[in-house]
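Chains, contacts and geometry: an overview
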Amino acid sequence: MPETLMWERFQKGDTNAFEQIFQEHWNMLMHYACSILHDDAMAKDVLQNFFLELWEKREALPVPQEIKAFLLFLLRLRILNALRKEDIRSKHEHSFAQLLQEHTSNSTDQLYYKQMYEELMQHLNELPPRIRQVFYMSRFEYQSVAEIAAALGASEQTVRNQLNTANKRLKVMLKGSIASFLL
């Protein structure tokens, strides 16, 4: 079955098509996740959550030219989020940045990143100024909650609340968008 047809069936909720995508790409994606995370258990958790999210957001995803490249692209985003959530970014930041640079040289990935960045920035600009500033400092400048609180003269709880508000609002704004994989 051609890839695009299988993807379209998957988007319509065909569990057999989803299982086929899962079976065909699991090993390659697991190897990729392990090569970045250097932790098999974490890689497996990230990948399981990745496929769950893929199923949940299937209708909003575009039909990719090449499924393998598209899945790798989305998995990179999911791994970045996992690293950020586990607060081990500093431990892996250099290797992730290098890997990201090595694997984003093709024009399809660059186009996806550009579209997602533009869409995220558009919606980010719709947030109130302080919430936007806190989100930007956290996600683009990689500052910790403590660093943001100190820089802005706010409590850490206020910063956490503002980040939570930003995430909730952006998730609503980006619902049905590929950019939602960034949150």
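Positions within a chain are numbered from 1, following the residues in the order the chain's sequence is written. Confidence filtering applies because this is a predicted model: local features only for residues at pLDDT of at least 70, side-chain atom pairs given and counted only at 80 or more, and all residues used for totals across whole chains, interfaces and linings. Excluding hydrogens and water, the side-chain figures rest on all heavy atoms present in the structure.

Moving on, we get to the packing of helix H7 (residues 129-139) against helix H8 (residues 145-152). The N-to-C vectors of H7 and H8 enclose an angle of 135°; their axes lie 10 Å apart at closest approach. Looking at the two axes, H7 sits oblique to H8. The element H7 and its partner H8 pack so that their crossing is right-handed. Contacts between H7 and H8 involve Arg 130, Gln 133, Val 134, Met 137 and Ser 138 from the first element and Ile 148, Ala 151 and Leu 152 from the second. Three classes are used: nonpolar for Ala, Val, Leu, Ile, Met, Phe, Trp, Tyr, Cys and Pro, charged for Asp, Glu, Lys and Arg, and polar for all others, with Gly counted as polar. Across the contact of H7 with H8, the residue classes tally to 5 nonpolar, 2 polar and 1 charged. Axis angles are defined between N-to-C directions and span 0 to 180 degrees, where every axis is a line fitted to C-alpha atoms and, for a helix, only to the segment in contact. Comment: elements are numbered from the N terminus, with helices defined as DSSP H or I runs of at least four residues and strands as E runs of at least two. Roughly parallel means an angle under 35 degrees; roughly antiparallel, over 145; roughly perpendicular, 65 to 115; everything else is oblique. Two helices cross in a left-handed way if the nearer one is turned anticlockwise from the farther one by less than a right angle. They cross in a right-handed way if the turn is clockwise. By definition in these notes, contact holds between two residues if any of their heavy atoms fall within 4.5 Å.

All right, on to the packing of helix H2 (residues 15-37) against helix H3 (residues 40-56) then. Orientation of H2 relative to H3, taken along the N-to-C sense of each, is 145°, at an axis distance of 9 Å. H2 and H3 meet at a crossing whose hand is right-handed. Contact residues: H2 offers Thr 15, Phe 18, Phe 22, Trp 26, Leu 29, Met 30, Ala 33, Cys 34 and Leu 37, while H3 offers Asp 40, Met 42, Ala 43, Lys 44, Val 46, Leu 47, Gln 48, Phe 50, Phe 51 and Trp 55. The residue inventory of the contact of H2 with H3, partitioned by class, reads 15 nonpolar, 2 polar and 2 charged.

Okay, the pattern of salt bridges next. A pairing counts as a salt bridge when a side-chain nitrogen of Lys or Arg comes within 4 Å of a carboxyl oxygen of Asp or Glu. For the structure shown, the criterion picks out 4 salt bridges. Glu 156 is paired through a salt bridge with Arg 160; the nearest N and O atoms lie 3.3 Å apart. Residue Glu 156 and its partner Arg 160 are both found in helix H9 (residues 156-173); the two are separated by 4 residues, about one turn of the helix.

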